[in-house]
Amino acid sequence: MAALSLSRTLSIAFWLLAAMALLAACGSDAPPSPTTPVATSSAGAPTSTAPTAQSTADHSAEPTTASPTAERTPAPESSPPSPTPVSTSAPVGPTSQPTAVQPTARPTDQPSTPIPERTIPATAEPTAAATPSPAWSGTLTYQVLATYPHDTTAFTQGLLWFDGLVYESTGLRGESVLRIVDLPSGRVLRETAADPRHFGEGLALVGDQLVWLTWQAGTAGVYRQDTLEQAGSFTYSGEGWGLCHDGDRLVMSDGSNTLTFRHPTTFQVMGTVPVTRANGSPVNRLNELECVGSDVWANVWLTDRIVVIDPDSGAVIAEADMAGIINPHPALTDSNDVLNGIAYRPDTGTFLITGKRWPTIFEVRFE
Ligand SMILES: [Ca+2]
């Protein structure tokens, strides 16, 4: 026991001495040692502490990766705007666009339209075949052959004749209708109303479908000619006034002196032409239209004048002053009740002429 305790005492003494010697060797550097690793790591020591330091650096760098996130934020913001315009234009179409061409494409088509116009001949053979249209020129005279009753509530905007019946479209918001009328009696055989928000305008027949413009809604309804059920619609930019179909193209007026040619089944713009008289003066306010042979007849809004236009050149080749055809003139009572309505009867070569809220449809022959 004594030997053991002696050796233990000696070993303790030895370790104590060794410890003291070690302490003496380290001096004052020893105490800070615990913080050293941090200091070293911040200095970038390539020891095992380095990864820790690097990861800290990476995290501190994460704010920089946050900037991409910030960059991404604007990105989505800028991308939504592009869908938005599409959807803004879409509301116009969706309401009635089943068969419509994209509205956004149409405006861009317009600039290039004047050129294609000449590539598409204005031949109107389908209608021309039945149209004994003379070579109209100069000042036209007319003879009234018959008169028929006309609905004095009909704010006439479009008028056409097909297969023994009159097709008429009327205007005013909440009152616009499309109707089939029995000419001799003036009886409405069938009728359909427009969206009450829309102001009905010109009308044309394409095959077995009627295309009915609106004034400012930028939409044209497509209706079955027999039932007047809506079958689709087109959208367009600008105003809609008059419309007629020459067999190949739709011809459309917008209140200016410009006629716009449109594809009959897509409504895409195929060309435009400014309408001018021989002296070069523009004929503004072209309204209700009638395609007769290769010519386009138009009444000039707020007047009793009808001009015959060569659609290839835009030149007025003939003109008729209808003043005096109706007496008293309805416009004397209401200035809106002007002449507006030309329909050509290919079976007789005569024209049906009326106006907004006029009590009469006149059947006339021009010479
Ligand atoms: Ca017409």
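Right above here is the structure, for reference.
What you see is a predicted model, and the numbers here were worked out from it, not measured in a lab.

**Q** Explain the overall build of the protein chain to me, please; I cannot follow it from the model alone.
**A** Helix and strand content of the protein chain: 8 helices and 21 strands. The proportion of buried residues among the 367 residues of the protein chain is 34%.

**Q** Could you clarify how one ought to interpret the sheet that holds strand 14 (residues 269-274) in this entry?
**A** Two modes of strand pairing occur in sheets, parallel and antiparallel, and in both the strands are linked by backbone hydrogen bonds. Taking strand neighbours across the sheet as the criterion, the 4 strands line up as 11-12-13-14 in an open arrangement whose pairing is antiparallel. At either end of the open sheet lies a strand with only one pairing partner, and these are strand 11 (243-245) and strand 14. Along the sheet, successive strands turn relative to each other by an average axial angle of 20°, direction set aside. Summarising the sheet, strand 12 (residues 250-253) and strand 13 (residues 258-262) pair through 4 bridges and their orientation is antiparallel. The residue of strand 13 that forms the bridge with M252 is T260.

**Q** Just to check I follow, could you spell out the environment of T192 for this structure?
**A** Looking at the secondary structure, you find T192 in strand 6 (residues 188-193). Along the sequence, T192 and Y223 sit 31 residues apart, while their C-alpha atoms lie 9.5 Å from each other.

**Q** What should I look at first to understand the pairing of strand 10 (residues 230-235) in this one?
**A** Look at any regular strand and the pattern is simple: side chains alternate between the two faces of the sheet. As defined by bridge partners, strand 9 (residues 219-224) adjoins strand 10 across 5 bridges and the pair is classed as antiparallel. From the neighbouring strand, A220 faces strand 10, where its bridge partner is F234. If you look at the hairpin formed by strand 9 and strand 10, you'll find 5 residues sitting between the two strands, and L228 has a positive phi there, around 65°.

**Q** Quick question: what am I supposed to make of the environment of W161 here?
**A** Within the secondary structure layout, W161 lies in strand 3 (residues 156-162). For W161 and R345, which are 184 residues apart along the polypeptide, the C-alpha to C-alpha distance reads 6.0 Å. Apart from the residues lying within four places of it in its own chain, the contact partners of W161 are V166, A343, Y344, R345 and L352.

Criteria and thresholds
Residues numbered from 1 in each chain as written. Predicted model: local features only at pLDDT ≥ 70, side-chain atom pairs only at ≥ 80, totals over all residues. Helix = DSSP H or I, 4+ residues; strand = E, 2+ residues; numbered from the N terminus. Buried ≥ 20, exposed ≤ 12 C-beta atoms within 10 Å, placed from the backbone. Pairing = 2+ DSSP bridges. Axes fitted to C-alpha atoms, helices over the stretch in contact; angles between N-to-C directions. Contact = placed C-beta atoms within 7 Å.

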